[in-house]
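For reference, the chains in residue letters:
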Amino acid sequence: MVMRSLLFLLLLGGSLTAQLSPIFDSVPTADNRKLACSIYLPSGWTSGPVIVIQTPYNRLAYQVIGLPLGVGMNLNNSNYAFVIVDWRGFYGSQAAYYLNCPARGNDGYDVIEWVNTRAWCNGKIGTWGPSALGRVQFMTAKKNPPSLDCMVPLVAGPQYSYLEYFPGGSIRTEYVEQLDGLGFGMSATLLANPVYNILWQVSEMTNFYPDSIRIPTFMIGGWYDHTIDVMIDFFNGIRSNSPANVQNQHRLLMGPWVHGGYGPAQVGSPNQGQLSYPNAAWWNDSLALLFYDYHLRAIPNNWNSTPFIQYYQMGSNVWNSSTTWPPTGMNNINLYFHPGGGLDNISPVSATGDASFLYDPTDPSPTIGGTTLRADLDQGPFDQVPLVESRSDILTFTTAPLGADVILKGKPQVRMKVSSDRLDTDFSVRLTDVYPDGRSMLIHDGIFRMRFRNGYMAADTAVMNPGTIYDILVDLPHTAITFLAGHKIRVDITSSNYPRFNRNMNTGGAMYPGPSLDTLVNPLIASNSIYMNSTDYSYITLPLVDFNGGSAENVIAPLFIFPNPASDYLIVSSCSQKGTVQIMDGTGRIVLEQLCAAAGDVRIDLTGLPAGIYSVRTTWGQTEKLIVIR
């Protein structure tokens, strides 16, 4: 435990010299146990709003790595006090654990109500935290503690669903290994339930509870995170099924971010994998503070007028907004696979056409970036050419260079006609954005295990008949990306993506002998085929604005604004002609106008505008962009 805690600090770049000095205390629980907590009060603090964090990763780490939301070591500049609590059974709260002890939501209720009794709390309380620290916020909110006002869960939802752990029927090897390494110990239960059964039915029914969320919720996620679909499903749920008085107070922010936890890329950091998104840097913190300011400090910053969903459109690298997800106006367009590796929107006309590749479980196609979690793996967008597409165990399908921008918003799906010479095998898909310089940057991936082609229950499973052609559907997570003119869209097909997913041994026998997340018992090499003809054809379905001509928002000269977030001034760059720059508040009211007298940059004085979220547009018709003023 101590060694893992030290490793955690070092991985996050913490210094072991400069430290914050919290007040140490303990929270009494309803079952007469104690939960260790650290209390951070700014200098001169008497009473005010408090942000509560419940963590399984050692509350003492924050003394070294600093506090979240941009506070860092500058506690005295914070408008909030912080209370950080170790989960029951972890670190300082280890002694509170016993068999059948109260659930984490019950402990969260006790923490919130205890904080509300402290003299340094003015009765306004919010919660914050990513991943497991986010999931426990939902558990706490479900218990409806009277003193909890709002929450900000990052890269998290409350669900425990079969497809979260067994996408396409194949267990997420590296994910579960990392969870075990962090002390959650889930592998034994998962390996005992590798098919959809009553355990999963009960879990999904009891852990999807949007009608129980009675407080404003600001969910923050990333397009390179593994919880995308979980988050979007739950956000759509609370927008439609939470109590009527709170439905319109929920917000969702989706940025170009990874899950974080290990390595340099985190939620909000500008660098993500091998790409960089500087104009998205730390929007998560800026908007979370505006959310807290509105709900906990009653600051009139127009937060209640902000869009329900703000999302980053990768590729074109702009912030957009929508009232729903997926946004309206998208068309499901099929791009068909062709012999020789072509990919276009014309279905095959030839009566013949297929391609085969070999899959050797002892030499699987490696995981290079993506929505990973294990500490030794890279997260986010990485070039697939050097170590994936250069191998022989792959089929690639690529469009011609795009003549116009192609805008994708939503959930891609790949439908394939396939066969194998073995009783069972996997088909793995990677969707990439191919740059003019040849880089093939990973967007998302998915997998399908053939024994589950009829369903995920035990009675549905069946071995393959060698040589028989089967129809399968591979789901990829939601995303928002613009494939720029001159780029190409590519689909990589393999039969492994390891260690992200378990290696199929191709035998049709037990999937996890041992039981183990990764055991090979007499594995077989498989010859797997994809079909691309007029009768048996394969394709990817992409939710696009258009495939041939792009859309109007992509043929206008780009609008650049900086800094963002801004405070005293804003620069509007690349003014293409004379016109007016307009800044509008959340209601659409123009609060500031300034003439752009000629092409070039224009500096706009923001003095006098209150903190909040605004839109910037120009009278020559460029796409509106969102800015944060703080």
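Everything quoted here is computed from the prediction, not taken from an experiment. (Residues numbered from 1 in each chain as written. Predicted model: local features only at pLDDT ≥ 70, side-chain atom pairs only at ≥ 80, totals over all residues. Heavy atoms only, no water.)

Visitor: Please clarify how helix α4 (residues 132-142) should be interpreted in this entry.
Guide: Counting buried residues in α4 gives ten out of eleven residues, a clear majority hidden from the surface. Taken as a whole, α4 has its buried residues at A132, L133, G134, R135, V136, Q137, F138, M139, T140 and A141. Positioned one or two residues after α4, N144 has a phi angle of 55 degrees, which is positive. (Buried < 20%, exposed > 50% of the residue type's maximum accessible area, 1.4 Å probe, protein only. Helix = DSSP H or I, 4+ residues; strand = E, 2+ residues; numbered from the N terminus.)

Visitor: Would you take a moment to explain the environment of V176 for this structure?
Guide: Within the secondary structure layout, V176 lies in helix α6 (residues 173-181). Between the C-alpha atoms of V176 and W325, which are 149 residues apart in sequence, the distance is 29 Å.

Visitor: Looking at this model, I keep getting lost on the environment of T479. Mind explaining?
Guide: Note on placement: T479 falls in strand β22 (residues 479-483). Given the relative accessible area of 0%, T479 is considered buried. Along the chain, T479 and Y512 lie 33 residues apart, while their C-alpha atoms are 31 Å from each other. Ignoring sequence-local partners within four residues, the contact set of T479 consists of W223, M314, W325, L408, K409, G410, I443 and H444. (Contact = heavy atoms within 4.5 Å.)

Visitor: Quick question: what am I supposed to make of the layout of surface pockets here?
Guide: The calculated volume of the second largest pocket comes to roughly 630 Å³. Every residue lining the second largest pocket is counted, 27 residues in all, and those nearest its centre are L163, E164, P167, D229 and K411. Those elements that provide at least two residues to the lining of the second largest pocket are α5 (162-165), α9 (228-241), β20 (440-449) and β21 (470-475). In terms of residue count, α9 provides more of the lining of the second largest pocket than any other element does, four residues in total. Taken together, the residues of the lining of the second largest pocket sort by class into eleven nonpolar, seven polar and nine charged. (1 Å grid on protein atoms, 1.4 Å probe; cavity = no way out; pocket = protein on both sides within 12 Å on 5 of 7 lines; lining within 4 Å. Points joined across faces, edges and corners; volume = space filled by probe spheres on them. Nonpolar A, V, L, I, M, F, W, Y, C, P; charged D, E, K, R; others polar.)

Visitor: Help me out: how do you make sense of the packing of aromatic side chains in this one?
Guide: Aromatic ring pairs: the centre-centre distance and the angle between the two ring planes describe each pair. Within this structure, the stated rule accounts for 34 aromatic pairs. Both rings, one in Y224 and one in Y277, keep their centres 6.5 Å apart while their planes meet at 40 degrees; by these two values the pair is tilted. With Y224 in strand β7 (residues 218-224) and Y277 in the loop between β10 (275-276) and α10 (283-296), this residue pair connects regions lying 53 residues apart in the sequence. Grouping aromatic residues by their ring pairs yields a cluster made of Y162, Y165, F166, Y175, Y196, W200, F452, Y456 and Y512. Between the NZ or CZ atom of R439 and the centre of the ring of Y435, over which it lies, the distance is 4.4 Å. (Phe/Tyr/Trp six-rings, centres within 6.5 Å; stacked < 30°, edge-to-face > 60°. Lys NZ or Arg CZ within 6 Å of the ring centre and 35° of its normal.)

Visitor: Explain α6 to me, please; I cannot follow it from the model alone.
Guide: An α-helix turns once every 3.6 residues. As a result, residues three or four positions apart point the same way. Turning to α6, its buried residues are T173, E174, Y175, V176, Q178 and L179. Looking at the packing, one finds that the buried side of α6 touches α4, α5 and α7 (187-191). G183 occupies a position one or two residues after α6 and carries a positive phi of about 100 degrees.

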